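Report on the structure
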Protein chains: 2
Amino acid sequence: MARQVSGPEEDQPACSIERSLQVLGERWSLLVLREIFAGRHRFAEIQASLGIAPNLLSTRLKLLVEADVLCTRTYQEPGSRQRQSYHLTDAGRELDIVMASLQQWGDRHRPRPSGPSVRRRTHSTGQAVRVGFLTDDGREVPRSDVLVTAMRPSGAA
Amino acid sequence: MARQVSGPEEDQPACSIERSLQVLGERWSLLVLREIFAGRHRFAEIQASLGIAPNLLSTRLKLLVEADVLCTRTYQEPGSRQRQSYHLTDAGRELDIVMASLQQWGDRHRPRPSGPSVRRRTHSTGQAVRVGFLTDDGREVPRSDVLVTAMRPSGAA
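Residues numbered from 1 in each chain as written. Chains lettered and ligands numbered in written order. Predicted model: local features only at pLDDT ≥ 70, side-chain atom pairs only at ≥ 80, totals over all residues.

**A few points about the environment of R40 of chain B**
Residue and element names in this part refer to chain B. Stated formally: We count a stretch as a helix when DSSP gives it H or I for four or more residues in a row; a strand needs E for two or more, and each element gets its number in order from the N terminus. Exposure is read from a count of other C-beta atoms within 10 Å of each residue's own; the residue is exposed at 12 or fewer, buried at 20 or more and partly exposed in between. C-beta atoms are placed from the backbone. We call two residues in contact if the C-beta atoms placed from their backbones are at most 7 Å apart.
Mapped onto the fold, R40 is located in the loop between α2 (27–37) and α3 (43–50). Its 19 C-beta neighbours within 10 Å are what place R40 among the partly exposed residues. Apart from residues no more than four positions distant in its own chain, R40 is found in contact with E35, E45, I46 and S49.

The structure is reproduced here in structure tokens:
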């Protein structure tokens, strides 16, 4: 599922934020993904919803497919030619936490008077859902208890 | 702490991802913030670490200060003029989850052979920390149990 970034390691950014931004680091890419998370899979639907120029949308979709974040399926409406629709891969689906963390921050620090445009709840109990830090065994970690450590390059003493 | 986005509401994107990207939706903005999270607060340090053109860095820092994500402090080295250093506001500090979710995704889906460049652990117990979905009472929610609902505009039937 995880693709090693191609090319010699010394040419790749050491930081995984930077490697993520090579795929996502452009406003349109994240908005295109938002549309697909919202269930819009066809070029015309995404284009109409975003008001993005068709050539720009084509380029973003192509890059997201090449990066294994989206995959295509073929469909055909009666009387039309075959077309591609765009769907999340496993890697794309795992961007749900990135999207949710951007949403949560925007709702808190760039609020609208009329409140959030989407809400997250559990299917099972209807409780509100947020994004936060967790241990591997699923215990919440307050942000004040999170320690970030830079790893030494392998081979360093 | 939370600033209402200025201007009439109909001019603002309804989606909080889009409002967040008005501040963050540019590769350099997130990399500048990464530097400040890593403890680099002075213009020359950030510029040297990123290899970014000084005029581009000035522009990004100014926008991040205007958006209340960064604030400035004045410092003066002996024999030098007064300069500004750049620090996270409360809103900036709360981007830790956005940064961590980008890092987690990059480590999983854009890995390097030598592994992650940073690790998150708890101060208190040393356990590994990850980003995930939680209920308000701090119970982990599996992604398959997360339901996203679009909110109707207020006033709609």
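Next comes the rest of the write-up.
**Topic: the interface of chain A and chain B**
Using the following cut-off: All residues other than Ala, Val, Leu, Ile, Met, Phe, Trp, Tyr, Cys, Pro, Asp, Glu, Lys and Arg, Gly among them, are scored as polar; the first ten of these are nonpolar and the last four charged. For two strands to pair, DSSP has to find at least two bridges joining them.
Counting residues at the interface gives 73 residues for chain A, matched by 73 residues for chain B. Looking at the side of chain A that touches chain B, the elements with two or more residues in it are α1 (16–24), α2 (27–37), α6 (96–109), β3 (118–122), β4 (129–135), β5 (140–141) and β6 (146–150) of chain A. Residue contributions to the side of chain A that touches chain B peak at twelve residues, all from α6 of chain A. For the side of chain A that touches chain B, the class distribution of residues is 32 nonpolar, 21 polar and 20 charged. Here β3 of chain A pairs with strand β6 (residues 146–150) of chain B via five bridges, running antiparallel. Along β6 of chain B, the bridge assignment pairs R121 of chain A with L147 of chain B.

**Considerations on the domain arrangement of chain A**
By convention, interface size is frequently given as the accessible area that disappears when the constituent parts associate. Stated precisely, the cut-off is as follows: Residue ranges assigned to the domains are those given by an automatic or database domain assignment.
Splitting chain A by domain gives domain 1 (15–89) and domain 2 (95–142). Here the C-alpha centroids of domain 1 of chain A and domain 2 of chain A sit 24 Å apart.

**So, the confidence of the model for chain A**
Heads up, the condition is: On a scale of 0 to 100, pLDDT captures the predictor's confidence in every residue.
For chain A, mean pLDDT is 89; residues scoring 70 or higher make up 90% of the total. Confidence estimates for the predicted assembly give a pTM of 0.88 and an ipTM of 0.88.

**Some words on the packing of α2 of chain A against helix α3 (residues 43–50) of chain A**
Residue and element names in this part refer to chain A. Stated formally: Note on geometry: axes are lines fitted to C-alpha atoms, helical ones only across the stretch in contact, with angles between N-to-C directions running from 0 to 180 degrees. In this scheme, roughly parallel covers angles under 35 degrees and roughly antiparallel covers those over 145, while 65 to 115 is roughly perpendicular and the rest are oblique. Two helices cross in a left-handed way if the nearer one is turned anticlockwise from the farther one by less than a right angle. They cross in a right-handed way if the turn is clockwise.
Look at α2 against α3: their axes get within 10 Å of each other, and the N-to-C directions meet at 120°. Relative to α3, the element α2 is oriented oblique. As α2 packs across α3, the resulting crossing turns out to be right-handed. Of α3, the residues touching α2 (which contributes L31, V32 and E35) are I46, S49 and L50. Tallied by class, residues from the contact of α2 with α3 come to four nonpolar, one polar and one charged.

**Brief notes about the relation of the copies chain A and chain B**
Quick reminder of the rule: Least squares is used to superpose the copies, and the fit set is the C-alpha atoms of residues whose pLDDT is at least 70 in both copies.
Least-squares fitting of chain A to chain B yields an RMSD of 0.0 Å, with the transformation described by 0.0 Å of translation along the axis and a rotation of 180°. Both copies are brought into coincidence by an operation consistent with a two-fold rotation axis. Most of the interface of chain A is mirrored in chain B, where 100% of its interface residues again form contacts.

**As for the pairing of strand β4 (residues 129–135) of chain B**
All names here are of chain B. Of all seven residues in β4, five are buried; the element is thus mostly enclosed. In terms of strand pairing, β4 meets strand β5 (residues 140–141) through two bridges, oriented antiparallel. Counterpart to F133 in the pairing with β5 is V141. With antiparallel pairing between neighbouring strands as the criterion, β4 and β5 make up a hairpin whose turn holds four residues, including G138 at a positive phi of roughly 85°.

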